[in-house]
Amino acid sequence: MSSGMDDLEKKIGKVPKIFKKLAETDPDMHEMILRLDQYIWDDGALSRKTKKLIAIAIATSMRDQHAIKAQMVGAKSLGVTKDEVEEALRVAYLLAGMPAYVNGKVIEEEVM
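Residues numbered from 1 in each chain as written. Predicted model: local features only at pLDDT ≥ 70, side-chain atom pairs only at ≥ 80, totals over all residues. Heavy atoms only, no water.

Going by what an unreviewed UniProt entry lists, the protein is known as Carboxymuconolactone decarboxylase family protein and is assigned to Methanospirillum purgamenti.

## Considering the nonpolar core
Just so we agree on the cut-off: Buried Ala, Val, Leu, Ile, Met, Phe, Trp, Tyr and Cys residues that are joined via side-chain atoms within 4.5 Å together make up what is termed a nonpolar core. Relative accessible area decides the class of each residue, using a 1.4 Å probe on protein chains only: under 20% of the type maximum gives buried, over 50% gives exposed, and in between gives partly exposed. In DSSP terms, a helix is any run of H or I states spanning at least four residues, a strand is any run of E spanning at least two, and both are numbered starting from the N terminus. Should any heavy atoms of two residues lie within 4.5 Å, those residues are counted as being in contact.
Residues Ile56, Met72, Val85 and Leu89 are the most contacted members of the largest nonpolar core, which totals 14 residues. Elements with a minimum of two residues in this core: helix 4 (48-62), helix 5 (65-77), helix 6 (82-96) and helix 7 (98-111). Among the elements that line this core, the one with the most residues is helix 5, at four residues. The residues contacting valine 85, other than those within four sequence positions of it, are Leu53, Ile56, Met72, Val80, Glu108 and Met112.

## Some points on unusual backbone geometry
What you tend to see is this: most non-glycine residues have negative phi, and most peptide bonds are trans. Backbone geometry places arginine 63, a non-glycine residue, at a positive phi of 60 degrees. Residue classification places arginine 63 among the partly exposed residues on the basis of a relative accessible area of 42%.

## What about the packing of helix 4 against helix 5?
Threshold: Between N-to-C directions, angles cover 0 to 180 degrees, with each direction set by a line fitted to C-alpha atoms, over the stretch in contact for helices. Geometric relationships in this document are graded by angle, where less than 35 degrees denotes roughly parallel, more than 145 denotes roughly antiparallel, 65 to 115 denotes roughly perpendicular, and other angles denote oblique. Handedness of a crossing is defined here by the sense of rotation of the near helix relative to the far one, left-handed for an anticlockwise turn of less than a right angle and right-handed for a clockwise turn. Three classes are used, and their members are as follows: Ala, Val, Leu, Ile, Met, Phe, Trp, Tyr, Cys and Pro are nonpolar, Asp, Glu, Lys and Arg are charged, and the others, Gly among them, are polar.
Following both chains from N to C, one finds helix 4 and helix 5 inclined at 165 degrees, their axes separated by 8 Å at the closest point. On the basis of their axis angle, the class for helix 4 and helix 5 is roughly antiparallel. When the axes of helix 4 and helix 5 are compared, the crossing they make is left-handed. Contacts between helix 4 and helix 5 involve Lys52, Ala55, Ile56, Ala59 and Thr60 from the first element and Ala67, Ile68, Gln71, Met72, Gly74 and Ala75 from the second. Among the residues making up the contact of helix 4 with helix 5, the classes are represented as seven nonpolar, three polar and one charged.

## Description of the UniProt feature "domain: Carboxymuconolactone decarboxylase-like" (unreviewed entry) in the protein
Where we set the bar: UniProt positions are given in the numbering used here, feature names are shortened, and annotations may be inferred rather than shown by experiment.
Sites flagged by UniProt as "domain: Carboxymuconolactone decarboxylase-like" (unreviewed entry) map to residues 27-102. Here residues 27-102 is 83% helix and 0% strand, with 39 Å between the C-alpha atoms at its ends.

Written out as structure tokens, the structure is:
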């Protein structure tokens, strides 16, 4: 696996098969996605940890279990605490409702 793919795996816990295949079928697109990913997740005005909490809240609001789990695994590897995740889930609850919050809580218990 390339160093970009290794970095991606560290960030999200596992690299989706479709993305690994993209490296073979469309290496230019694959490289552009890796560069964009690096640009988005690098510390800037917001820290990488803060961005992960935002991503958890968004994934929870969308009720995307795969994304919630991937973002929580990545957040845990960055040192994000369960209390920080809980606050992000509360924001999702306020904006997306109880089903989104419960969905996030179930995965939080599994991952964190």
